[in-house]
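# Residue-level structure breakdown
Here are the chains, one letter per residue:
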Amino acid sequence: MSTSDLPVGSLGLTPAGALPASASVDRSPAPVSPQASTAGVAPVQTPSFAGWDLVTLAQAMMDVARDPNAQVFPAAKAGVTPTVSPSSISEPAIVATTPGVSPSAGLSKSDVPAQVPSVPSTPAAAPSPGAIDAIASQEPSVDFFRIPLLGESVPVATSYFLVQTGAPNPDAPSDISLVETKEVTPVSPAVNKPLRQAGFDPYAVRREFPILNERVHGRRLVWLDNAATTQKPQTVIDRLSYFYAHENSNIHRAAHTLAARATDAYEKARATVARFLGASSAQDIVFVRGATEAINLVAQAWGGQFVSAGDEIVITHLEHHANIVPWQQLCAKTGARLLIAPVNDRGEVILEAYGKLLCPRTKMVALTHVSNALGTITPAQQMVAMAHAVGACTLVDGAQAVAHFPVNVRALDSDFYVFSGHKIYAPTGIGALYGKPEVLNSMPPWQGGGNMIKDVTFERTTYHPAPARFEAGTGNIADAVGLGAALDWLDNLGHERAAAYEHELLNYATAELCKVPGLTIIGTSPCKAGVISFVLAGHKTEELGSALDREGIAVRSGHHCAQPILRRFGLEATVRASLAPYNVCEDIDTLVAALKRLSAHG
Ligand SMILES: Cc1ncc(COP(=O)(O)O)c(C=O)c1O
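Residues numbered from 1 in each chain as written. Predicted model: local features only at pLDDT ≥ 70, side-chain atom pairs only at ≥ 80, totals over all residues.

Between alanine 466 and the following residue, proline 467, the backbone shows a cis peptide bond with an omega angle of 5 degrees. Considering the arrangement of structural elements, one finds proline 467 in the loop between strand 15 (461–463) and helix 13 (477–493). The backbone of tyrosine 425 shows a phi angle near 75 degrees, a positive value even though the residue is not glycine. Relative to the helices and strands, tyrosine 425 is located in the loop between strand 12 (416–420) and strand 13 (431–435). Residue cysteine 561 is not a glycine yet carries a positive backbone phi of 55 degrees. With respect to the secondary-structure elements, cysteine 561 resides in the loop between strand 19 (556–558) and helix 16 (563–568). (Helix = DSSP H or I, 4+ residues; strand = E, 2+ residues; numbered from the N terminus.)

Following this line, the structure appears as structure tokens:
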């Protein structure tokens, strides 16, 4: 049985606000679930898993663990003794894991090495928590998220989680830091090379990106700096050139044909962004330069209107500077306080501590959907619901999320969602701010000028409603059109399939990098997007970046504009390899081989 055989809806890559990998993406407006804004109550049930072999169970649990509504806490604390009987996967279960490396979700029986004896047909008895602890204490150094192979005795593990799916359970401990996090040396999990999946061919994707044919220092370019910016497919390049060859004009303000063409193309792109995010209307989308400008817009326009002395703004320790500095500036101006939700040693937001920061003084919670420095996918949907429960407004920074998995802003229920085009195969200098219409229209403009006004006299000016009121002056018309083309391209490629492939590649890369002597991965949440940050003992990160460049490999080394989170781990810089669906195993192999050489030569 492979994960694909498991009950539909129980599995899938399902970060908060993201659609399950298995789900068909309906970008049309989704009805807002009542559970999206209020925490529901789901009683903890007794787990039962007869008929599941250990591989299947482990795979299923790892997928369940990515459920945005999953509550994860130690079995011992829950006081649950597992039993074995037929069950639906939506029930809670004891799953053996070791914190660290992302689970190998795509493993199936055919991936199991030949030398491993096949599993007996009788179901494996689940170990009791006591037995589990005894095994764990004997075997402190085990694979991260190692899936027990068929026929293997009950696996060693350092952590046993109770996973409760469904609506958040307010009675359950929500502090994921409660989960035991023994320091262990990661050993390569049993991950095979991601194969070309049916219908998804990363080599064909590569052929659409002309820059990937470049040679750097005489070597094949290995582009692993996708978190900084992604490369552009030919279709986006062509769309830009078509715009300038056939449509170029200023928009909205002329009766001539080219103005109509350019306006149509620009507004079509806005509708595409709305569809891509699952927004209810194109009017909910404001074009901006990128995520940074979007956050500044909200901090200035919304913050200027609604934040005053004594109010509190909550962000997380994971944030990019773009989601720190504008709030600091707002606090300095208004006398509000900035509070930081901490993370645990895996780089995951500690939900219990976050919850304790929230109170009626909280006016805004601004959090990243994916950490650009560590790759952690935050439980954004749950965090948004918790913020709404105290009446706070929310902003989710999707700069690193949208390229990696489908996002539905209506399911996420955040008041604002922001992203940059250049991180999702579109040009630089264009991005989008999504806002709930009632929130956008409650805000004053942040800049004044042409395009955003209804009427101007020397005495007074009246403004258009959103989005025009936030788009003063001539915008980046051609690149907005390019953004629409990029999102269409990703839709045609199949965002979910691309995400699933990228996830397998992340598992492969994680496993291979763990084989490099002296290499430590920073950010070991099991719920990660395609970002791997690491340090190599005895090597400065800038030197590593330059050495890798000489081999044609582009990675980022430095603080990634996220100094607070790196300092949380006692570091000023890491090397970061970040993935896209045009990356292939050979890219990872080239990186790993180079790092092994560097490691061997000190
Ligand atoms: C998580 C995150 N937020 C915000 C930004 C800022 O994006 P931009 O520079 O495109 O405005 C980045 C850029 O790396 C990011 O990774």
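Taking burial as the measure, the five residues of strand 20 (residues 574–578) include five buried ones, the bulk of the element. Of the two faces of strand 20, the one carrying Thr574, Arg576 and Ser578 and the one carrying Val575 and Ala577 are both buried. Here strand 17 (residues 531–536) pairs with strand 20 via four bridges, running antiparallel. Bridge assignment links phenylalanine 534 to a residue of strand 20, and that residue is valine 575. The pairing of strand 19 with strand 20 spans three bridges and is classified as antiparallel. Along strand 20, the bridge assignment pairs glycine 558 with threonine 574. (Buried ≥ 20, exposed ≤ 12 C-beta atoms within 10 Å, placed from the backbone. Pairing = 2+ DSSP bridges.)

Here the focus is the sheet that holds strand 11 (residues 393–397). Taken together, seven strands build an open sheet; the order of strands is 7-13-12-11-10-8-9 and the sheet is mixed. Both outer strands of the open sheet, strand 7 (285–288) and strand 9 (337–341), are each paired with one neighbouring strand and no more. The average undirected angle you get between the axes of adjacent strands in this sheet is 20 degrees. As judged from the five bridges shared by strand 8 (residues 312–316) and strand 9, these two strands associate in the parallel manner. Across the sheet, residue isoleucine 313 finds its bridge partner in strand 9, namely leucine 338. Relative to the sheet, helix 6 (residues 257–277) contacts strand 7, strand 12 and strand 13, its axis offset from that of strand 7 by approximately 115 degrees. (Axes fitted to C-alpha atoms, helices over the stretch in contact; angles between N-to-C directions. Contact = placed C-beta atoms within 7 Å.)

Membership of the largest hydrophobic core comes to 139 residues, with the highest contact counts inside it found for Val418 and Ala486. Aside from chain neighbours lying at most four places away, what touches alanine 486 is Val236, Gly421, Ile424, Tyr425 and Ala426. (Core = buried A, V, L, I, M, F, W, Y, C linked by C-beta atoms within 7 Å.)

This paragraph deals with the site of the ligand. In the vicinity of the ligand lie 13 residues, with Gly290, Thr292, Asn372, Ala399 and Ser420 positioned nearest. The class makeup of the residues in the shell around the ligand is four nonpolar, eight polar and one charged. (Near = placed C-beta within 6 Å. Nonpolar A, V, L, I, M, F, W, Y, C, P; charged D, E, K, R; others polar.)

This next bit is on the environment of threonine 394. With respect to the helices and strands, threonine 394 occurs in strand 11. Since 24 C-beta atoms lie within 10 Å of it, threonine 394 is described here as buried. For the pair threonine 394 and leucine 367, spaced 27 residues apart in sequence, the C-alpha to C-alpha distance is 8.0 Å. Not counting chain neighbours up to four residues away, the residues in contact with threonine 394 comprise Val365, Val384, Ala387, His388, Ser414, Asp415 and Phe416.

Glancing now at the sheet that holds strand 17. Spatial ordering of the open sheet is given by 16-17-20-19, a layout of four strands whose pairing is antiparallel. If you trace the sheet from one side to the other, it starts and ends with strand 16 (519–522) and strand 19, each paired once. The mean angle between the axes of side-by-side strands here comes to 30 degrees, regardless of whether they run parallel or antiparallel. Contacting strand 16, strand 17 and strand 20, helix 17 (residues 585–600) runs over the sheet at an angle of about 15 degrees to strand 17.

Attention now moves to the packing of helix 14 (residues 495–513) against helix 17. Interhelical geometry of helix 14 versus helix 17 gives an angle of 20 degrees and a closest axis separation of 10 Å. In this view, helix 14 runs roughly parallel relative to helix 17, as classed from their interaxial angle. Considering how the two elements wind past one another, helix 14 and helix 17 form a crossing that is right-handed. Of the residues in helix 17, those in contact with Tyr508, Ala509, Glu512 and Leu513 of helix 14 are Cys585, Ile588 and Val592. Counted by class, the contact of helix 14 with helix 17 contains six nonpolar, no polar and one charged residues. (Parallel < 35°, antiparallel > 145°, perpendicular 65-115°, else oblique. Left-handed = near helix turned anticlockwise from the far one by under 90°.)

Quick look at helix 14 now. Over its 19 residues, helix 14 runs 26 Å from end to end, which matches the ideal 27 Å to within 8%, given 1.5 Å per residue. By the criterion of burial, helix 14 is predominantly enclosed, with 18 of the 19 residues buried. (Expected span 1.5 Å × (residues − 1).)

Since the α-helix advances by 3.6 residues per turn, residues separated by three or four positions end up pointing in the same direction. Over its 16 residues, helix 7 (residues 291–306) extends 21 Å from the first C-alpha to the last, a length consistent with the 22 Å expected when each residue adds 1.5 Å. Counting buried positions along helix 7 yields twelve of 16 residues, so the element is predominantly enclosed. Every buried residue of helix 7 is accounted for by Ala291, Thr292, Glu293, Ala294, Ile295, Asn296, Leu297, Val298, Ala299, Ala301, Trp302 and Gly303. Tucked into the core, helix 7 has its buried residues touching strand 7, helix 8 (325–334), strand 11, strand 12 and strand 13.

What follows is about the environment of arginine 567. Secondary-structure assignment places arginine 567 in helix 16. Accessibility expressed as a C-beta count within 10 Å gives 12 for arginine 567, which makes it exposed. Through-space distance from the C-alpha of arginine 567 to that of histidine 317 is 9.9 Å; in sequence the pair is 250 residues apart.

In this structure, leucine 505 sits in helix 14. On the basis of neighbour counts, which here come to 22 C-beta atoms within 10 Å, the residue leucine 505 falls in the buried class. Each C-alpha atom of the pair leucine 505 and leucine 579 lies 8.0 Å from the other, and the pair is 74 residues apart in sequence.

The quantities given are spatial measurements derived from coordinates; they are silent on function.
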